[in-house]
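One-letter residues, chain by chain:
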Amino acid sequence: MIAVFRACRKRLAPVLEPVLAPILGLATLALVAACQPSGLGGGPSINASKPVPVALLVPHGSGTSGDEVVARSLENAARLAISDLKGVQIDLRVYNTAGNPEIAAKVAAEAASDGAKIILGPLYAQSANAAGLAVARRGINVLSFSNNTQIAGGNVFVLGPTFENTADRLARYAMAQGRSQVMIVHDPDVAGEAGRAAIASAVARSGGTVAATGSYELSQNGVVQAVPGLARKARDSGASAIFFTASTAGALPLLAQLLPENRVDPAEVKFIGLTRWDIPPSTLALPGLQGGWFALPDPGVSDRFERRYMAAYGEPAHPAAGLAYDGIAAIGALASQGRSDALTVSGLTQPSGFVGVNGVFRLRSDGTNERALAVAEIRDNQVTVIDPAPRSFGGAGF
């Protein structure tokens, strides 16, 4: 477990935005400015009877092996989605950003000149922000793969799972189960602070109370030194739940071990996670997380996509691949309506949303998204869904 935490220090360093562990994705929050061109409802008109030109921006060319893997997976998933469309044709044009904001802006402008009616991608927040600014005056919307809500707005949307969406889902469920006194334990960096704010807002909206907050130095020794004080706060505050921002690649395993050793009983104080606790699967065996809650997409739906991708391409889909499929699925669903304004902000933000590979989702006018999530509990080292993901908006879970 300690070895896992040591390894996390290196894994936290890259400016990545993993779909399944969004706590890592906001490391440069302070470095990006939201793209806010004037006007909502804008976007180009299309002729839905002809192929819709879509630009896909991927991080190929950066020289990083991880970027090459995700770039290939994003393009594969987009093409798989195109093959599933009925009655709609997509003219997909792929542009390489090398994971670089300047190049992303350049190729976004190039795509607009080539006739693209909408941009799908890029992956990283700074690149997505740059691409959005580059095409804002041309009225072209950007469906980025980022989960960083700080870049959302105007013509830029984020498709990635966000802290806010996950925190809302879990807070509503926790309040319904009587876990209304919440302590927030968060990483001390920008991402941790963003997670803390998302949890605090979600708890307040759900009618609960933040009974206490606590943090630690982001190192093994820092966590060890902080835990006695965190445990004391949990006991003194009367918290009925502790909400963690830490990921499985970070401080979570150590916190899950040391808090119970300091008289915080997970059987009495529910442990809740802002990030996925089933990745890697070995996390499910941690004694301190037994009975803990976290959110995830509908497992049945996401498993079907992963099997189809494997059958089509002979390799597992990258966790971000589903976002490319979702983007094409949304564009196709809108174009199938035959409306010339299908790809404007008003079209993209239709309240009924879309069906994606991880369940239903919809885009909001502020550039963020809502995604259907299930609530899962770790029982006997396995994931057990205790509150299924909703299948439509307006039902239980939203």
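Structural notes, computed from the coordinates.

Definitions and limits used
Residues numbered from 1 in each chain as written. Predicted model: local features only at pLDDT ≥ 70, side-chain atom pairs only at ≥ 80, totals over all residues. Heavy atoms only, no water. Helix = DSSP H or I, 4+ residues; strand = E, 2+ residues; numbered from the N terminus. Buried < 20%, exposed > 50% of the residue type's maximum accessible area, 1.4 Å probe, protein only. Pairing = 2+ DSSP bridges. Right-handed = clockwise from strand over helix to strand, strands pointing away. Phe/Tyr/Trp six-rings, centres within 6.5 Å; stacked < 30°, edge-to-face > 60°. Axes fitted to C-alpha atoms, helices over the stretch in contact; angles between N-to-C directions. Parallel < 35°, antiparallel > 145°, perpendicular 65-115°, else oblique. Left-handed = near helix turned anticlockwise from the far one by under 90°. Contact = heavy atoms within 4.5 Å. Nonpolar A, V, L, I, M, F, W, Y, C, P; charged D, E, K, R; others polar. Polar contact = N/O pair within 3.5 Å; in protein donor to acceptor, adjacent residues only side chain to side chain.

Here G121 and P122 are connected by a cis peptide whose omega angle stands at -5 degrees. In this chain, I279 is followed by P280 through a cis amide linkage whose omega measures -5 degrees. Within the secondary structure, P280 is located in the loop between β9 (270-273) and β10 (293-296). Of note, D380 is a non-glycine position whose phi angle comes to about 50 degrees, a positive value. Under the relative-accessibility criterion, D380 is labelled exposed at 69%.

Let's shift gears to the pairing of strand β4 (residues 141-144). Burial along β4 is two-sided: N141 and L143 and V142 and S144, pointing in opposite directions, are all buried. Across 3 bridges, the pairing between strand β3 (residues 118-120) and β4 is parallel. From the neighbouring strand, I119 faces β4, where its bridge partner is V142. Crossover connection from β3 via helix α4 (residues 125-135) to parallel β4: handedness right-handed. Taken together, the 3 bridges between β4 and strand β5 (residues 156-158) define a ladder with parallel strand orientation. Paired with S144 across the bridge in β5 is V158.

Considering all chains together, one arrives at 7 aromatic pairs under this definition. For the pair W277 and F294, a centre-to-centre distance of 6.2 Å together with 35 degrees between the ring planes defines the contact as tilted. Taken together, the residues span a long stretch of sequence, with W277 in the loop between β9 and β10 and F294 in strand β10 at a distance of 17 residues. Here the aromatic rings of Y309 and Y313 are separated by 4.8 Å at their centres, their planes lie at 50 degrees, and the arrangement is tilted. Residue Y309 and its partner Y313 are both found in helix α9 (residues 299-313); the two are separated by 4 residues, about one turn of the helix. The class for Y309 is buried, based on a relative accessible area of 0%. Judged by relative accessible area, which is 30%, Y313 ranks as partly exposed.

Let's shift gears to the packing of helix α5 (residues 163-176) against helix α6 (residues 190-205). Each pair of packed helices can be summarised by the angle the axes make with each other and by the distance between the axes. At a closest axis distance of 8 Å, the pairing of α5 and α6 adopts a crossing angle of 40 degrees. The angle between α5 and α6 falls in the class oblique. At the point where α5 passes α6, the crossing takes the right-handed sense. The segment α5 lies against α6, with F163, E164, A167, D168, A171 and M175 engaging A191, A194, G195, A198, I199, A202, V203 and R205. Class assignment of the residues belonging to the contact of α5 with α6 gives a composition of 10 nonpolar, 1 polar and 3 charged.

Time to look at the pairing of strand β12 (residues 359-363). Taken across its 5 residues, β12 has 4 buried, putting it largely inside the fold. Bridge count for strand β11 (residues 354-356) against β12 is 3 bridges, and the pairing is antiparallel. Its bridge partner being in β12, F354 is matched across the sheet by F361. Counting the residues in the hairpin turn of β11 and β12 gives 2 residues. Here β12 runs beside strand β13 (residues 369-371); their pairing, made up of 3 bridges, is antiparallel. Residue pairing in the sheet places L363 in a bridge with N369 of β13. The turn linking β12 back onto β13 is made up of 5 residues, and G367 within it adopts a positive phi angle of 90 degrees.

You can see D298 is positioned in the loop between β10 and α9. Among the polar contacts made by the side chain of D298, one reaches the side chain of R391 at a distance of 3.0 Å. In contact with D298, not counting residues within four places along its chain, are N358, A389 and R391.

Distances and angles like these do not, on their own, reveal function.
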